[in-house]
Each structure stands twice: as C-alpha cells, then as structure tokens.
Amino acid sequence: MLPGVGVFGTGSTARVLVPLLKAEGFEVHALWGRSEEEACCLAKEHGIPFHTSRSDDVLLHQDVDLVCIYIPPSMTRQIAVKALGIGKNVVCEKAATAVDSFKMVTAARYYPQLLSIMGNTLRFLPAFVAMRQLLMEGYVGEMQVCDVRVYGPSLLDQSYGWTCEELMGGGGLHTAGSSIIDLLSYLTGARALRVHGLLRTFVQQNGLIRGIRRVTSDDFCFFQMLMGGTGSSSGGVCCTVTLNFNMPGSFVHEVMVVGSTGRLVARGTELYGQRNGSKGEELLLSDSGWAGPEVKEMPLPYLQGLSSMVKALRQSFQAHEERRSWARGSVAMAPTFEDGLYVQTVVEAVKRSSCSGEWECVEIMSQEPDPNHNLCEALQRNKN
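Position labels on residues start from 1 in each chain and follow its written sequence. In keeping with the predicted nature of the model, local features appear solely for residues at pLDDT of at least 70, side-chain atom pairs appear and are counted solely at 80 or more, and the whole-chain, interface and lining totals rest on all residues. Side-chain metrics in this entry use all non-hydrogen atoms of the structure; hydrogen atoms and water are not considered.

(A) Here's a closer look at the overall build of the chain. Only DSSP runs of H or I covering at least 4 residues are called helices, and only runs of E covering at least 2 are called strands; the numbering of each starts at the N terminus. What the chain contains, in helices and strands, is 10 helices and 15 strands. Each radius of gyration reported is based on C-alpha atoms, and the globular scaling rule is 2.2 Å times the count of residues to the power 0.38. Its C-alpha radius of gyration of 21 Å places the chain within 12% of the 21 Å reference for a compact globule of 384 residues. Projected onto its principal axes, the C-alpha positions of the chain cover 65 × 60 × 45 Å. When accessible area is computed with a 1.4 Å probe and restricted to protein chains, residues below 20% of their type maximum are described as buried, those above 50% as exposed, and intermediate ones as partly exposed. Here the chain holds 384 residues, and 50% of them are scored as buried. Across the chain, the fraction of contacts at a sequence separation of at least 24, relative to all contacts at a separation of at least 6, is 67%. Working definition of accessibility: Shrake-Rupley area with a 1.4 Å probe, residue cover restricted to the visible protein chains. When the accessible surface of the chain is split by element, carbon and sulfur atoms take 52% of a total near 17,600 Å². Just so you know, the count uses Lys and Arg for positive and Asp and Glu for negative, and it drops His and the chain ends. A single reference atom marks each charge: NZ on Lys, CZ on Arg, CG on Asp, CD on Glu. When the 34 positive and 39 negative side-chain charges of the chain are each reduced to one mean point, those points stand 2 Å apart. Note on contacts: a residue pair qualifies if any of its non-hydrogen atoms lie within 4.5 Å across the two residues.

Following this line, the structure appears as structure tokens:
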C-alpha cells in the first residue's frame, strides 16, 4: 500500500516530482509553497486537493505519510526534523550547513523505523548504477583517479533570492558539487580525507540583480579530494572536480574513473568503457530515451535519476501492506542523512580551503557544537 505524499516546494524539482509520483501510483494529498499564490498555482496545475503556506498544515495532514522536501537549503532542517518527530517518512534535499545536517542525523537516529533519505538522484541514474557494478567487478582494476566536469548556464533565479547567497546554500559547489561529492563516495566506496579547492563568483551583478545587491554564491569551482578506504595502495583515489556555470549552450556532465587496467566514463546518461590495450571506447549503456516532458531547468541526468528514484520508492513501499512501512532493498543505494552530513562537511572544507589556500582535513562532527562557545570564550577572557 503506497503512502499519501505531501510535497514541500514549488520550484522546478517539485514541478517534475509531482507528476512522476502520480505516474507511479502515489497520491499527492498536500502541497506547501512559500506563498499562498505559489502553492495555489501548482496545486491547480497538478490537481492537488490541498495547498498551504503553513508547514504544519502539511505535516499534520492525516493522509500524508511521506514528505518530500525540495525547498531552499536554509529551511530544510526545520521541516525534516519536525516531520520525523511526528512519524512521517522523509525524502529531502541538502541542508545549508553541517550543523543543520547533524541535527537531521540525530533526528533520523531517534526514529530508525522511518525512511530518511537524501534526494541525490544521481545514485539512481542507470549509468551510475551500472558504473558502480562494473567498478566492483574490477573493470578498471585498482581505482586511481576520478575526474568530473559539470558545465552549464547560470544557476541564479530571475530575481534576488537564496540562489544568490553563499550563506543560504546557493552556488555551484553547494547545488551541483554536493551531488558529485556524494556520487564519488558511492562509486568508489571511499570518503574524502583531505580537500583543496578554489571558488569564484564571476557574475556578481546582472540585468536583474543590481544596485546595492551582489551575488555571493560561486559560479565557478574547482576542487580536489584525496579519498581514503579503498583504491590505490599509494594513498587512495585522487578526485578532481570542475564546476562552471558560466557556459551558455548545451549542458555537460561527465564523470570518469581511471584505474590500473582501464577506465569508465559516464557522459550525460550514457556509459562508456575502455580497457588498457583496446583500440577504442565501447558503449556499455546507451541512453534509453526519456519519454517524459523536457525540463529546461533540470538537466537530463538529474531528471532520469529522479524518475528512477520515484520508481524505487514505489517498490519499497509496495512491499508492505501498512502504508507507513517500507522495505530497504530497493532504496538501499539512496544516500542517508549520515551521507548528507559527510557531503556538507566536505563542502565546508572546500570553502575553507578556498579562503586559506591550503589543503583542509575533512572531520565529520560527532556532537553538535555549543552555540554559545564563542560567547563563553569571550567571557572567560574578560574574567582573566
């Protein structure tokens, strides 16, 4: 029995998600938007019976057992933690800070019987599912290097908002880089130990964002990660990632893994491979075609990954007759809230590295920092 769904958000992801959920048999009972007008517009467009700008009205809706949260990162933690606390299953996007992510991890640990996964859809893209399987089977031998390129147009909204603000979770590193960081961990089975990065904001104002307002979120980012846990005996897998969102024209999404006996590369939604000594690449997985609507704001790898994730959710909940119960099998590949904390920790380490110019260690917090720590230190200094 499939759970009733409540969706938070009215952006491009939510607009794609609602019809995908309905196509798989889910009933979307409630929708939240930042304003009544936004919520009403999307609810009418997709035939959702209830809409609101009050978050509690969705969370307490008697027919909602699964909450999908696709809202600005600064708001994610509050909704996710509250949803788990009142017994709802949660699928959500990334939080704005590592502290917010840690609070989400704590809530998920309190309610282990509830579904709590991050919405990084790249893990579900068939090309990356096949790539991970081939890596585990030894197609490239011992993994040595991962190289990622993501190029596309500006990520800024039409008006000044959270996408313009680095502190609110805007920018290429947080928006696209976090998905890549998680994906590389999924593919290699390792996590970053140290990182080095460079962030730039080349477009600080444009025709719509001007005057006293300036964009602080990055539109270019380059970073390196030294991974631990698996890989080359000489010190782990080396990863390089380049994100450039000043590129008009077609979207570029390429993930390559090079090993001792060959390489695998996912270009868009297709997977190619080449073993050492062979004359050329072989197509290992072709693009099966996308039957759904084209969405300009969402590149095809993310769109197809989202569709595959919704299918996995249906299989997970269909395995049980009780609508809140779920089976782990089909969503086992999904990133957990712990994975979300790791990703956010790496993001913040890359930002520190961009400021310091040095390699930074990735140290995942094990307890929530004292919010009054700085105040206590100042009082202690004054006392002395």
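Next, the rest of the story.
(B) Structural context of the packing of helix 4 (residues 73-85) against helix 5 (residues 98-110). Note on method: axes are straight lines fitted to C-alpha atoms, helices fitted across the in-contact stretch only, with angles between N-to-C directions ranging 0 to 180 degrees. Two numbers describe how helix 4 lies on helix 5: the axes approach to 9 Å, and their chain directions differ by 5°. Compared by their axis directions, helix 4 and helix 5 come out roughly parallel. Along its contact with helix 4, which presents Thr76, Arg77, Ala80, Val81 and Leu84, the element helix 5 presents Asp100, Lys103, Met104, Ala107 and Ala108. Residue polarity follows a fixed list, in which Ala, Val, Leu, Ile, Met, Phe, Trp, Tyr, Cys and Pro are nonpolar, Asp, Glu, Lys and Arg are charged, and the others, Gly among them, are polar. Split by residue class, the contact of helix 4 with helix 5 holds 6 nonpolar, 1 polar and 3 charged. Roughly parallel means an angle under 35 degrees; roughly antiparallel means over 145; roughly perpendicular covers 65 to 115; every other angle is labelled oblique.

(C) Structural view of the packing of helix 5 against helix 9 (residues 337-356). Between helix 5 and helix 9, the shortest axis-to-axis distance is 9 Å and the interhelical angle comes to 170°. Considered as vectors, helix 5 and helix 9 are oriented roughly antiparallel to each other. Residues Ala98, Ser101, Phe102, Met104, Val105, Ala108 and Arg109 of helix 5 form the contact with helix 9, whose own contacting residues are Phe337, Glu338, Gly340, Leu341, Gln344, Thr345 and Glu348. Considered class by class, the residues forming the contact of helix 5 with helix 9 number 7 nonpolar, 4 polar and 3 charged.

(D) Here's a closer look at helix 1 (residues 12-23). Taking 1.5 Å as the rise per residue, helix 1 with 12 residues should run 16 Å; its terminal C-alpha atoms sit 17 Å apart, in good agreement. Of the residues making up helix 1, those classed as buried are Ala14, Val16, Leu17, Val18, Leu20 and Leu21. Along its buried surface, helix 1 packs onto strand 1 (5-8), strand 2 (28-32), helix 2 (36-46), strand 4 (66-69) and helix 8 (300-318). Among the residues trailing helix 1, Gly25 stands out with phi positive, at a value near 100°. The span expected for a helix works out to 1.5 Å for each residue beyond the first.

(E) A look at the sheet that holds strand 4. The 6 strands lie next to each other as 3-2-1-4-5-6, forming an open sheet whose pairing is parallel. Here the strands that pair on one side only, and so sit at the sheet edges, are strand 3 (50-52) and strand 6 (116-118). Strand after strand, the sheet turns through a mean of 15° between neighbouring axes, direction not considered. Any two strands between which DSSP finds at least two bridges are classified as paired. Here 3 bridges tie strand 5 (residues 89-92) to strand 6, and the two strands are oriented parallel to one another. Bridge pairing in strand 6 places Val90 opposite Ser116. The sheet strands contacting helix 9 are strand 5 and strand 6, and the helix crosses strand 6 at an angle near 35°.

(F) Seen up close, the packing of aromatic side chains. Aromatic contacts are taken between Phe, Tyr and Trp rings whose centres are within 6.5 Å, Trp giving its six-membered ring; a plane angle under 30 degrees counts as stacked, one over 60 as edge-to-face, and the others as tilted. One pass over the full model with this rule turns up 3 aromatic pairs. Look at Tyr110 and Tyr111: their rings are 6.4 Å apart centre to centre, the planes differ by 50°, and that puts the pair in the tilted class. The exposure class of Tyr110 is exposed, given its relative accessible area of 63%. Whether a charge sits over a ring depends on NZ of Lys or CZ of Arg being within 6 Å of the ring centre and within 35 degrees of the ring normal. Note that Arg194 overlies the ring of Trp359, its terminal NZ or CZ placed 5.3 Å from the centroid. The positively charged end of Arg267 is found above the aromatic ring belonging to Tyr272, 5.1 Å away from the centroid.

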